[in-house]
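Analysis of the macromolecular model
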Amino acid sequence: MAANSAALALEDVPSVDLMTELLRRMKCSSKPDKRLILIGPPGSGKGTQSPIIKDDYCLCHLATGDMLRAAVAAKTPLGVKAKEAMDKGELVSDDLVVGIIDEAMKKPSCQKGFILDGFPRTVVQAQKLDEVLEKQGVRVDKVLNFAIDDAILEERITGRWIHPSSGRSYHTKFAPPKTPGVDDVTGEPLIQRKDDTVAVLKSRLEAFHRQTEPVIDYYAKKGIVANLHAEKAPKEVTSEVQKVLSS
Ligand code: AMP
């Protein structure tokens, strides 16, 4: 019964979409598996580079912030628990985020590996991730450290506009959409995140320095950290990322 309804659903998919997906899967079959972590403060460019890396290497992009915001918007029990900390720019509990990542990594789109964006953010999360991966007989290949000075981040964050369903981000000054407030690709409205304010950025940066920077040391000891010059223009950062990932 389930197979039948799946077949019916496929019949309704336009041929061009099926062909595009088929070509994508053929291209992906020759790519090496990769398990990547992107670490950096808010506004350091993780969300800008992730879709590019995802397409290049056929990985899934798992951003805990996006997942938590979706849960808050849908008012799920998880969202209700996470909302207060998120509004204040503090971290939500390790157990909550480890649970959602563990579940999300089971998606078929993660078959060739993943990009973790915004996770792990504490050493405890990194240790729990290692345990999860060890059970699967795999490990993290590379940690990309988006190194950048705090002083640059305020302007990047306060001018940021996001297309929630794709994760595409724009900036009023550095990367404006063709029409203000509208996504270039879908024509859907863009939003500004509730925590992208000067006041909340302050606590988010504090959380980053106190709780997340030690995670960089945790992976540096394993010899898998690559430092990027995240203050550079997005295209230059993309070149640095490509160099690191092809070596
Ligand atoms: P982001 O979109 O990555 O900036 O995340 C937005 C907010 O979600 C953060 O300020 C935290 O409150 C929460 N959050 C996202 N990822 C994590 C994580 N790995 N651990 C704890 N809290 C998280």
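So, here's what we can say about the structure. (Residues numbered from 1 in each chain as written. Predicted model: local features only at pLDDT ≥ 70, side-chain atom pairs only at ≥ 80, totals over all residues. Heavy atoms only, no water.)

We now examine the layout of surface pockets. Computed from the structure, the second largest pocket encloses a volume of approximately 360 Å³. If you trace the second largest pocket, you find 15 residues lining it, with Glu21, Arg24, Cys28, Cys58 and Ser109 closest to the centre. Residue assignment for the lining of the second largest pocket shows that the elements contributing at least two residues are helix H2 (15–29) and helix H3 (46–57). When residues of the lining of the second largest pocket are assigned to their parent elements, the largest contribution, 6 residues, is made by H2. Across the lining of the second largest pocket, the residue classes break down as 5 nonpolar, 3 polar and 7 charged. (1 Å grid on protein atoms, 1.4 Å probe; cavity = no way out; pocket = protein on both sides within 12 Å on 5 of 7 lines; lining within 4 Å. Points joined across faces, edges and corners; volume = space filled by probe spheres on them. Helix = DSSP H or I, 4+ residues; strand = E, 2+ residues; numbered from the N terminus. Nonpolar A, V, L, I, M, F, W, Y, C, P; charged D, E, K, R; others polar.)

Let us now look at the pairing of strand E6 (residues 168–171). Sheet topology places strand E5 (residues 160–163) next to E6; 4 bridges connect them, and they run antiparallel. Across the sheet, residue His163 finds its bridge partner in E6, namely Arg168. Connecting the antiparallel pair E5 and E6 is a turn made up of 4 residues, with Gly167 showing a positive phi of about 85°. (Pairing = 2+ DSSP bridges.)

Here we take up helix H9 (residues 198–220). A rise of 1.5 Å per residue sets the reference length of H9, with its 23 residues, at 33 Å; its end C-alpha atoms lie 31 Å apart and thus fit the reference within 8%. Along H9, the largest kink reaches about 40° and is centred on His209. Those residues of H9 that fall on the buried side of the exposure criterion are Val200, Leu201, Arg204, Leu205, Ala207, Phe208, Thr212, Val215, Ile216, Tyr218 and Tyr219. (Expected span 1.5 Å × (residues − 1). Bend = angle between axes of the 7 residues up to and from the residue. Buried < 20%, exposed > 50% of the residue type's maximum accessible area, 1.4 Å probe, protein only.)

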